[in-house]
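# Analysis of the macromolecular model
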Amino acid sequence: GQGGIFPSLEEANAHSYSEREKLILDQVRARSLSGTASQVADHLIARQKAHAVDEFFLVTITPDAEARRISYALIAQELQKRSLLAKPELRHIA
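Residues numbered from 1 in each chain as written. Predicted model: local features only at pLDDT ≥ 70, side-chain atom pairs only at ≥ 80, totals over all residues. Heavy atoms only, no water.

### Topic: the overall build of the chain
Scanning the chain from terminus to terminus reveals five helices and zero strands. Starting at the N terminus, the α and β elements of the chain follow one another as α-α-α-α-α. Burial status across the chain gives 16% buried among its 94 residues. Within the chain, contacts between residues at least 6 apart in sequence are counted, and of these 48% link residues at least 24 apart. As displayed, the chain has an accessible area near 7400 Å², and 55% of this comes from carbon and sulfur atoms. (Helix = DSSP H or I, 4+ residues; strand = E, 2+ residues; numbered from the N terminus. Buried < 20%, exposed > 50% of the residue type's maximum accessible area, 1.4 Å probe, protein only. Contact = heavy atoms within 4.5 Å. Areas by Shrake-Rupley, 256 points an atom, 1.4 Å probe, with all protein chains shown as cover.)

### Observations concerning the packing of helix H3 (residues 37-51) against helix H4 (residues 65-81)
Closest axis-to-axis distance for the H3/H4 pair is 9 Å, and the angle between their directions is 65 degrees. Considering how the two elements wind past one another, H3 and H4 form a crossing that is right-handed. Side by side, H3 and H4 meet where Ala37, Ser38, Val40, Ala41 and Leu44 of the first sit next to Leu74, Ile75, Glu78 and Leu79 of the second. Of the residues belonging to the contact of H3 with H4, the class tally is seven nonpolar, one polar and one charged. (Axes fitted to C-alpha atoms, helices over the stretch in contact; angles between N-to-C directions. Left-handed = near helix turned anticlockwise from the far one by under 90°. Nonpolar A, V, L, I, M, F, W, Y, C, P; charged D, E, K, R; others polar.)

### Here's the deal with unusual backbone geometry
For Ala52, which is not glycine, the phi torsion reads 50 degrees and is therefore positive. Locating Ala52 in the fold gives a position in the loop between H3 and H4. Owing to a relative accessible area of 69%, Ala52 belongs among the exposed residues under this scheme.

### Notes on the layout of surface pockets
In this structure, the largest pocket encloses a volume near 1300 Å³. Surrounding the largest pocket, 33 residues form its lining, Val28, Ser32, Leu33, Thr60 and Ile61 being those nearest its centre. Listed by contribution, the elements that provide at least two residues to the lining of the largest pocket are helix H1 (9-14), helix H2 (19-30), H3 and H4. For the lining of the largest pocket, the residue count by class is 19 nonpolar, ten polar and four charged. (1 Å grid on protein atoms, 1.4 Å probe; cavity = no way out; pocket = protein on both sides within 12 Å on 5 of 7 lines; lining within 4 Å. Points joined across faces, edges and corners; volume = space filled by probe spheres on them.)

### A word on a nonpolar patch on the surface
Taken together, the side chains of Ile5, Phe6, Phe57, Val59 and Ile61 make up a nonpolar region of the molecular surface, amounting to roughly 590 Å² of accessible area. With respect to the secondary-structure elements, Ile5 resides in the segment before H1. Accessibility expressed as a relative area gives 55% for Ile5, which makes it exposed. (Patch = residues over 30% accessible without salt bridge, like charges linked within 9 Å, V, L, I, M, F, W, Y side chains within 5 Å. Salt bridge = Lys/Arg side-chain N within 4 Å of Asp/Glu carboxyl O.)

Following this line, the structure appears as structure tokens:
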């Protein structure tokens, strides 16, 4: 991933959002998963059961690649802990 596309948390928190931007953010949040690795795993499992899917495509929006890598690794570790992800995929992510 390329850096600089998304603002830092400090920049995002300091930004004065217009009403239109707030509406867009609300719409994005309504279709997004967020939380701890455990919470995200719970959401993924619920969606898997509800929609009978066997894979997901995850996109973590962070201001830098290292934070993104850590996020994916934490989710993968949580799913592996629950025996829902095989270890070879963990080696690829981490």
